[in-house]
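Results of the structural survey
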Amino acid sequence: MSVLLSIVFRNKKLLGNQYEGYMRPLLLSAAINFAFGMTPGSRIDNFGHLGGFLGGLAISFLVGPRYKTVGYDRFGRARLVDEPFYKTLLQKVRERY
């Protein structure tokens, strides 16, 4: 779930007005899952789920896709290029040294 949230959030400029349509159900699902974990006697480890959520968020932020439009093909469809954060970070480090 956190990976999907990260991908949608990082590409909200590309999604435009579809962004809320993707983000709202994901946040609602996360809230419902957390609420089920808080019910008495549920025997669900919320701290384990929270750790997985934050770990997935961190990994997907580093290596997940971040799409950029680089042009359009002859049919008017956008050409996308994936520029993940770690590639941008490595490029900046190489330029500095």
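Criteria and thresholds
- Residues numbered from 1 in each chain as written.
- Predicted model: local features only at pLDDT ≥ 70, side-chain atom pairs only at ≥ 80, totals over all residues.
- Heavy atoms only, no water.
- Helix = DSSP H or I, 4+ residues; strand = E, 2+ residues; numbered from the N terminus.
- Rg over C-alpha atoms; globule rule 2.2 N^0.38 Å.
- Buried < 20%, exposed > 50% of the residue type's maximum accessible area, 1.4 Å probe, protein only.
- Areas by Shrake-Rupley, 256 points an atom, 1.4 Å probe, with all protein chains shown as cover.
- Lys, Arg positive; Asp, Glu negative; His and termini not counted.
- Charge placed at Lys NZ, Arg CZ, Asp CG, Glu CD.
- Core = buried A, V, L, I, M, F, W, Y, C linked by side-chain atoms within 4.5 Å.
- Contact = heavy atoms within 4.5 Å.

It is worth spelling out the overall build of the chain at this point. Secondary structure summary: the chain contains five helices and two strands in total. Element order for the chain, N to C, with α for helix and β for strand: α-α-α-α-β-β-α. Whereas a compact globule of 97 residues would reach a radius of gyration of roughly 13 Å, the chain reaches 18 Å, over 25% beyond that. Its C-alpha atoms put the chain at 55 × 40 × 15 Å along the principal axes. Counting across all 97 residues of the chain, residues that qualify as buried make up 20%. Of the roughly 7800 Å² of accessible surface on the chain, 63% is carried by carbon and sulfur atoms. One finds the centroid of the 14 positive side-chain charges in the chain at a distance of 2 Å from the centroid of its 6 negative side-chain charges.

To continue, consider the nonpolar core. Among the nonpolar cores identified, the biggest contains five residues, and these are Leu5, Val8, Tyr19, Met23 and Leu26. Mapped onto this core, the elements with two or more residues apiece are helix H1 (2-10) and helix H3 (19-38). At three residues, the largest contribution of residues to this core is made by H3. Residues within four places of tyrosine 19 in sequence aside, it is in contact with Val8, Phe9 and Lys12.

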